[in-house]
Amino acid sequence: NSFATRTSTCGELRSAHVGQEVTLYGWIQYQRCFSFLCFSWIRQGLFLVLRDFQGLTQIIIPQDEARSHVKKLLSNAPVESVVRVTGIVSPRPPGQENPKMPTGDIEVKAETAEILNTCKKLPFEIKDFVKKSEALRMQYRYLDLRSSQLQYNLRLRSQIVMRMREYLCNLHGFVDVETPTLFKRTPGGAKEFLVPSREAGKFYSLPQSPQQFKQLLMVGGLDRYFQVARCYRDEGSRPDRQPEFTQIDIEMSFVDQAGIQRLIEGLLQYSWPEERGCITTPFPSMTYEEAIADYGTDKPDTRFGMKIVDISDSLRRLDIQFLQKALSYPHGTVKAICIPQGVRYLKNKDLKSLKESAKSQFNQEIMEIICRPDGSLKSVLTKFLGEKQQLELIQALNMQVDDVVLLAAGEHKKVCSALGSLRLESADLLEAAGLVLRDPTTFHFLWVVDFPLFLPKEENPTELESAHHPFTAPHPSDTSLLYSDPTKVRSQHYDLVLNGSEVGGGSIRIHSAEQQRFVLEKVLKEDSEVLSHLLEALEFGAPPHGGIALGLDRLISLIVDAPSIRDVIAFPKSFRGRDLMANAPDYVTPEELEPYHIQVSWPLAEKEAKKN
């Protein structure tokens with residue numbers, strides 16, 4: 001209550017305060033265990049519930065003639081009006097205590113009151129359990145922020161960031177540096193937002209991350225850098241992505257991959273909220289190849305099993321055309337996942353949906369195998385399988401009665417990707433049917449390492465692009481391959497995964513100008529002139545360095561089990577990247593564009609406006 005004119009908040013009064021005169025400020029709320037109205041008759045009187053950021057307090061409205069003006073004022077005030085109440089803290093009568101409220105043992109008998117601002121008719125009720133469309137919530141975000149869940153999310157986010165600052169700056173000597181928002185285009189990666197300048201034809205770019213700046217800070221000898229960084233990507237919004245987002249950005253000199261990993265484990269352990277339990281370090285680690293082979297993704301959810309199993313050897317001798325064809329490919333394989341109790345929890349339409357999903361997304365055919373109550377297998381494959389081979393298959397997949405196996409044959413990576421996707425879809429279906437697989441209160445961290453340094457471009461597989469970004473250093477064991485066969489080079493890139501979501505990514509950087517120029521020009525076929533400032537800096541005694549960025553929005557959303565990162569951001573953009581509250585982006589006049597040497601094709605813009 002420092003610097004405020006209140007004496008107490010609405011969430012702090014207890015029995016120890018009985019007899020004290022207090023002044024409270026807040027919004028008129030309702031109490032769930034009573035009527036939906038904000039006031040009701042009680043002991044021949046009226047009461048209301050006052051709410052502020054910290055909690056709720058029951059206010060007894062006086063009935064005596066001397067305070068009739070207070071009664072009239074509070075009785076007629078609409079819900080969500082802002083009021084000041086001064087009164088005496090009193091114990092609630094026996095039997096009328098509310099153990100569900102922290103302030104449930106007391107009430108405040110109002111003596112004076114003032115309506116500071118009335119509230120007009122609300123577009124939706126300020127109640128967490130009332131369903132509201134996301135578009136309406138974002139249009140009236142300032143009202144949505146009054147909900148207890150958003151208040152909790154934002155306050156927890158603030159506490160975690162403060163603890164991170166303490167750990168990095170106070171305990172480990174990091175320097176908090178703000179880097180520029182107006183920069184220039186970076187080759188590769190996501191699309192960047194362009195900002196016009198007053199120089200004709202020249203534009204700034206909003207940075208996807210402070211990547212180049214933090215490397216330049218290492219060249220400058222800062223040794224340890226940290227920033228709560230705003231980053232921008234001109235991409236469509238998704239449940240876990242926004243066009244503007246926040247990173248915990250970190251860079252260090254004279255460090256290796258293990259050093260960065262230990263730093264982050266310590267950082268998360270130090271800043272982790274007590275109410276979410278303890279996290280155990282060190283976090284487990286697996287290679288990229290292991291993650292793809294066992295889970296079909298580079299960000300596996302390890303809270304549940306259903307791993308992908310290679311059954312190529314068990315089926316290799318079968319005279320089945322599609323299996324033999326699949327196994328004849330250079331990277332041909334037969335793999336499967338076992339869905340526990342699939343017969344019991346999945347319907348025929350669910351299995352059909354899973355097969356159609358694999359076909360539409362990955363062009364992958366799926367075959368099912370069911371384990372009957374007598375332990376025999378039901379499948380089109382069984383007529384080709386002898387008793388011994390069926391037993392081998394059951395043991396390889398650890399099948400139990402009523403389990404359902406989904407089998408795929410073909411090229412290794414495609415098969416793994418399809419089964420990895422079906423693994424997650426199956427888990428969703430099982431949980432919807434009542435089988436709990438993924439406990440939202442448990443947190444499974446995982447390091448994924450040894451990524452490939454380069455990947456074939458989707459639009460042109462004969463060309464390469466960086467799997468992470470062009471500044472990532474090759475694995476020390478693979479450096480010679482960079483110049484002879486770059487497709488086989490592993491990188492010093494590491495991702496941090498939490499419950500199946502990537503919450504961080506980083507790498508050891510290239511600190512040699514010669515090697516960086518080779519990667520840009522010879523491997524990626526990029527114009528190195530765009531990065532001439534960085535290449536020149538690397539020639540002036542750049543130290544070995546590396547770093548990482550944690551996605552703060554995604555991390556917080558997982559901690560609080562929010563369905564979207566929009567629920568942990570005060571003023572997020574919509575799914576299409578719009579600010580529905582302020583209606584941004586918006587048009588500007590030709591006169592405003594003139595200094596930037598830009599002309600808009602207005603008919604096209606108007607057509608787009610009609611479409612939206």
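Residues numbered from 1 in each chain as written. Predicted model: local features only at pLDDT ≥ 70, side-chain atom pairs only at ≥ 80, totals over all residues. Heavy atoms only, no water.

The name given to the protein chain in an unreviewed UniProt entry is SYDM protein, and the organism recorded there is Corythaeola cristata.

Peer 1: Please explain the sheet that holds strand 16 (residues 377–378) as it appears in this structure.
Peer 2: Whenever strands of a sheet pair, they do so through backbone hydrogen bonds, lying parallel or antiparallel. The strand order across the open sheet formed by five strands is 13-14-17-15-16, and the pairing between neighbours is antiparallel. Lying at the two open borders of the sheet, with one neighbouring strand each, are strand 13 (309–310) and strand 16. Direction of pairing for strand 14 (residues 332–339) relative to strand 17 (residues 404–411): antiparallel, over a ladder of eight bridges. Bridging across to strand 17, Ala336 finds its partner in Leu407. (Pairing = 2+ DSSP bridges. Helix = DSSP H or I, 4+ residues; strand = E, 2+ residues; numbered from the N terminus.)

Peer 1: Is there a simple way to think about the pattern of salt bridges in this case?
Peer 2: If the charged atoms of two oppositely charged side chains come close together, the side chains can form a pair. Counting across every chain of the model gives 34 salt bridges. Between Glu125 and Lys127 there is a salt bridge whose closest N-O contact spans 2.5 Å. On the basis of relative accessibility, which here comes to 11%, the residue Lys127 falls in the buried class. The salt bridge partner of Arg509 is Glu251, with a shortest N-O separation of 2.8 Å. (Salt bridge = Lys/Arg side-chain N within 4 Å of Asp/Glu carboxyl O. Buried < 20%, exposed > 50% of the residue type's maximum accessible area, 1.4 Å probe, protein only.)

Peer 1: Would you mind showing me how to read the sheet that holds strand 23 (residues 545–551) here?
Peer 2: Overall, mixed pairing links the eight strands, which are arranged 7-10-11-23-22-21-18-12 in an open sheet. Every other strand in the sheet has two partners, leaving strand 7 (175–176) and strand 12 (285–287) as the edge strands with one partner each. Examined bridge by bridge, strand 7 and strand 10 (residues 224–232) share two bridges and lie parallel to one another. When the sheet's bridge partners are listed, Val175 is paired in strand 10 with Tyr225. In this fold helix 5 (residues 211–219) packs onto strand 10, strand 11 (244–253) and strand 23, with an angle of close to 20° to the strand it touches most, strand 11. (Contact = heavy atoms within 4.5 Å. Axes fitted to C-alpha atoms, helices over the stretch in contact; angles between N-to-C directions.)

Peer 1: Before we go on, may I ask you to explain the state of the cysteines in this structure?
Peer 2: Put plainly, a disulfide is one covalent bond tying together the sulfur atoms of two cysteines. Under the defined criterion, the tally for this structure stands at zero disulfides. Not engaged in a disulfide, the cysteine Cys416 finds its nearest cysteine sulfur in Cys338; these two sulfurs lie 17 Å apart. (Disulfide = S-S within 2.5 Å.)

Peer 1: Whenever I open this one, the packing of helix 7 (residues 288–295) against helix 13 (residues 412–432) confuses me. Can you help?
Peer 2: Angle between the axes and distance between the axes are the two parameters that describe a pair of packed helices. Contact pair helix 7 / helix 13: the axes reach a minimum separation of 7 Å and the direction vectors enclose 60°. As the angle between them shows, helix 7 and helix 13 are arranged oblique. When helix 7 is examined against helix 13, the residues Tyr288, Ile292, Ala293 and Tyr295 are found in contact with a partner set consisting of His412, Lys413, Cys416, Gly420 and Arg423. Partitioning the contact of helix 7 with helix 13 into residue classes produces five nonpolar, two polar and two charged. (Parallel < 35°, antiparallel > 145°, perpendicular 65-115°, else oblique. Nonpolar A, V, L, I, M, F, W, Y, C, P; charged D, E, K, R; others polar.)

Peer 1: Looking at this structure, I do not really get the side chain of Ser81. What am I missing?
Peer 2: With respect to the secondary-structure elements, Ser81 resides in the loop between helix 1 (68–76) and strand 5 (82–91). Here Ser81 falls in the buried class, since its relative accessible area comes to 0%. There is a polar contact of 2.9 Å between the side chain of Ser81 and the backbone oxygen of Pro78. A polar atom in the side chain of Ser81 sits 3.2 Å from the backbone nitrogen of Cys119. (Polar contact = N/O pair within 3.5 Å; in protein donor to acceptor, adjacent residues only side chain to side chain.)

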